[in-house]
Amino acid sequence: TDVLTQPILAELLLQERKTRDSKLGKEFLVEFQDPQGHVLNTGFFSIADALEAILGQQGSSLTLATSQEVKAALNTLFQQPQGVFFQSQLSQHAQLEEGVWESPAFYFFAVADNEKLGGGVFRRTIGGDAVMLEKERFNRSLQATLQGQNYRLLGIGIDLNLQAEEQGYSLPILARIAGVILLMSVLGGFILRSWKAGVLVLIGLGSLFLWIRGFPFVTGGIVRPSLTTEVLLPLAFMGLAMDFVVHIGRGYRKEQQSGHVGGKAFTLALRVLAPALFLATATDAIAFAANTVSPVEAVIAFGIVGTFAAIASFLLMGIAVPLLLIMIEEDAPKAKEGAHDAAGLFLGVTRFIVNHRVLMSILLIAISVGAALSAVRVERGLDVTDFFSEDSPLVESLNVRDYHFGDRRGEETILLIEGDLLNPQVAAALAQT
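Residues numbered from 1 in each chain as written. Predicted model: local features only at pLDDT ≥ 70, side-chain atom pairs only at ≥ 80, totals over all residues. Heavy atoms only, no water.

Q: For this particular structure, what's the right way to read the overall build of the protein chain?
A: For the protein chain, the count of helices and strands is 16 helices and four strands. Looking at the protein chain as a whole, 37% of its 433 residues qualify as buried. Contacts in the protein chain between residues at least 24 apart in sequence constitute 65% of all its contacts with a sequence separation of at least 6. (Helix = DSSP H or I, 4+ residues; strand = E, 2+ residues; numbered from the N terminus. Buried < 20%, exposed > 50% of the residue type's maximum accessible area, 1.4 Å probe, protein only. Contact = heavy atoms within 4.5 Å.)

Q: Sorry, what's going on with the pattern of salt bridges here?
A: For side chains bearing opposite charge, pairing can occur when the charged atoms are close. What the rule picks out here adds up to eight salt bridges. Asp-49 is the partner of Arg-20 in a salt bridge, and the nearest nitrogen-oxygen pair spans 3.3 Å. With a gap of 29 residues between them, Arg-20 in helix α1 (residues 6-21) and Asp-49 in helix α3 (residues 47-57) connect regions that are remote in the sequence. Of the two residues, Arg-20 and Asp-49, both sit in the buried class. The partner of Arg-140 in a salt bridge is Asp-159, and the shortest N-O contact between them spans 2.7 Å. Note that Arg-140 is positioned in helix α6 (residues 130-146) and Asp-159 in the loop between α6 and α7 (160-168), a separation of 19 residues in sequence. The network of salt bridges with shared partners includes Glu-16, Arg-20 and Asp-49. (Salt bridge = Lys/Arg side-chain N within 4 Å of Asp/Glu carboxyl O.)

Q: Would you mind showing me how to read the packing of aromatic side chains here?
A: Any two aromatic rings considered together are summarised by their centre-to-centre distance and by the angle between their planes. Taken as a whole and assessed by the stated rule, the structure comprises 11 aromatic pairs. Residues Phe-85 and Phe-86 carry aromatic rings whose centres are separated by 5.1 Å and whose planes lie at 75 degrees to one another, so their mutual orientation is edge-to-face. Residue Phe-86 is classed as buried on the basis of its relative accessible area of 1%. Through a chain of ring-to-ring contacts, three or more aromatic side chains come together here, namely Phe-32, Phe-45, Phe-85, Phe-86 and Phe-109. (Phe/Tyr/Trp six-rings, centres within 6.5 Å; stacked < 30°, edge-to-face > 60°.)

Q: Is there a simple way to explain the confidence of the model for the protein chain in this structure?
A: Any segment with low pLDDT has predicted coordinates that should not be analysed in fine detail. Predicted confidence across the protein chain gives a mean pLDDT of 81, with 86% of residues reaching 70 or more. Ranking the elements of the protein chain by mean pLDDT puts helix α13 (residues 342-355) last with 62 and α1 first with 94. The low-confidence segment residues 331-340 (pLDDT under 50) makes six contacts with residues lying over four places distant or belonging to another chain. (pLDDT = per-residue confidence, 0-100.)

Q: Where do I start with helix α9 (residues 195-214) in this structure?
A: It helps to recall that an α-helix has 3.6 residues per turn; residues three or four apart then point in one direction. Relative to the 28 Å expected for 20 residues at 1.5 Å per residue, α9 spans 29 Å between its end C-alpha atoms, a close match to the ideal helical length. Within α9, the full set of buried residues consists of Ala-197, Gly-198, Leu-200, Val-201, Gly-204, Leu-205, Leu-208, Phe-209 and Ile-212. (Expected span 1.5 Å × (residues − 1).)

Q: Even after reading the chapter, I still don't get unusual backbone geometry, so can you show me in this structure?
A: With glycine set apart, most residues show a phi of negative sign, and most peptide bonds adopt trans. Phi angles above zero are rare outside glycine, and Glu-98 is one such case at about 55 degrees. Its place among the elements puts Glu-98 in the loop between β3 (95-97) and β4 (100-102). Residue classification places Glu-98 among the exposed positions, given a relative accessible area of 84%.

Q: Would you explain helix α4 (residues 67-79) in this entry?
A: The terminal C-alpha atoms of α4, which comprises 13 residues, lie 19 Å apart, in line with the 18 Å expected from a rise of 1.5 Å per residue. Of all the positions in α4, only Val-70, Lys-71, Ala-73, Leu-74, Leu-77 and Phe-78 are classed as buried. Here the buried residues of α4 occupy an arc of 160 degrees about the axis, which is enough to place them on one side. Within α4, the exposed residues directed more than 90 degrees away from the buried face are Gln-68 and Gln-79. (Arc of directions from axis to C-beta.)

Q: Explain the environment of Phe-138 to me, please; I cannot follow it from the model alone.
A: The residue Phe-138 is located in helix α6 in this model. Classification of Phe-138 by relative accessible area gives buried; the value is 6%. Between the C-alpha atoms of Phe-138 and Ile-158, which are 20 residues apart in sequence, the distance is 9.2 Å. Beyond its immediate sequence surroundings of up to four residues, Phe-138 is in contact with Leu-24, Phe-28, Leu-29, Ala-112 and Leu-117.

Q: Teacher, can you tell me more about the side chain of Arg-20 here?
A: On the basis of relative accessibility, which here comes to 11%, the residue Arg-20 falls in the buried class. If near-sequence neighbours (up to four positions away) are discounted, Arg-20 is found in contact with Gly-25, Lys-26, Leu-29, Asn-41, Thr-42, Phe-44 and Asp-49.

Q: Explain the environment of Gly-157 here, please?
A: Positionally, Gly-157 belongs in the loop between α6 and α7. Judged by its relative accessible area of 11%, Gly-157 is buried. The spatial distance from the C-alpha of Gly-157 to the C-alpha of Arg-401 is 9.6 Å, given a sequence separation of 244 residues.

Q: I would appreciate a short explanation of the nonpolar core in the present structure.
A: Most often, soluble globular proteins keep nonpolar side chains buried together rather than apart. Counting 42 residues, the largest nonpolar core has Leu-205, Ile-212, Phe-237, Met-242, Val-245 and Met-317 as the members making the most contacts within it. For this core, the secondary-structure elements that each account for two or more residues are α8 (171-191), α9, α10 (227-257), α11 (262-289) and α12 (297-328). Among the elements that take part in this core, α10 stands out by supplying 12 residues, more than any other. With residues near it in sequence (within four places) discarded, Phe-237 still touches Leu-208, Ile-212, Phe-288, Gly-306, Ala-309, Ala-310 and Ser-313. Ranked by size, the runner-up nonpolar core spans 38 residues in total, among them Leu-62, Val-70, Leu-146 and Tyr-151. (Core = buried A, V, L, I, M, F, W, Y, C linked by side-chain atoms within 4.5 Å.)

Put into structure tokens, the structure is as follows:
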């Protein structure tokens, strides 16, 4: 309910000093200066630092002061010119009651040496390079060293890429991916009426996943690996890959039933189906390749990897898997009497739809109307919190920021002023602006 208390502020000050004296602090933290160029401290200058300075002038300190003395020092701080700066760091739920300030939270920021951390621009985008990842690891280390017992310290959006990697390759996610591949393999084996086909589909889908995921590493740095290229695209193309193997496999089975065997059956099936499947592959590849005209690096990577994935799906699941099936099957499989054929099931569903055209039309119209009503209510925007688990530290930190500072801070703007700042006319122009 109130972090502006002696125990919390005294411990924060202690953790700041420990951080400055640590190997991490001595190597990376730089001097914090006010707008007039006066050095205030190293790395950070929080409300705790400001109160320590005021209490020091009174011959006291945060460690020795009572709660009443700390509250009195707060009033003194907020009445000084720099008090506006620190008062803006309080939660929007802070309040002044009977001359005493209380706030459930406040924020401060750290200043580090960018060049020592690898240089460049720190962009909060998924798909960061090694330098960005190193900066995020530094952020986590800084957060850990500043953490205390009397308070909880949260870094705000400090490790976007690290959390994306951890969530993208966490055990639950990998288990779901494995479950999807296994389910599709069982379905493939059922449709092609062969457990051997199911095993080959499993191997093929696993290989496709690895091909697509590993493709960015052979582009010579043109495509940077990201959660999209390593997880989302491989999963998305499994559906297309299943189309290939099912169509070619079913055509192969029909040719077997017509008396053809082995390579002859496969050649005849491919001759009939190849134009349509090749056209599907080409149109998908062209559609993804069209994304490369975008100036956005992530969209370009999406287009390049998507183009490769479309071609790889056809080669692996449309050609390689059926050929392997031919090699391991010595004779054409014979359907058991009374065996349930997948084609018969699909044919039955189709006949039901045709025989109940009016009912199905009404049902489709109702679904479409409901979908249209839902579509107009979709929010037109993308929130980073939608892409991460609700209980992740990243989402929690952003929610905490919005709760305590969202209505007060608004959008941040950085202005670049170019000119001779020693020229009185420039100073006057700035003041007028």
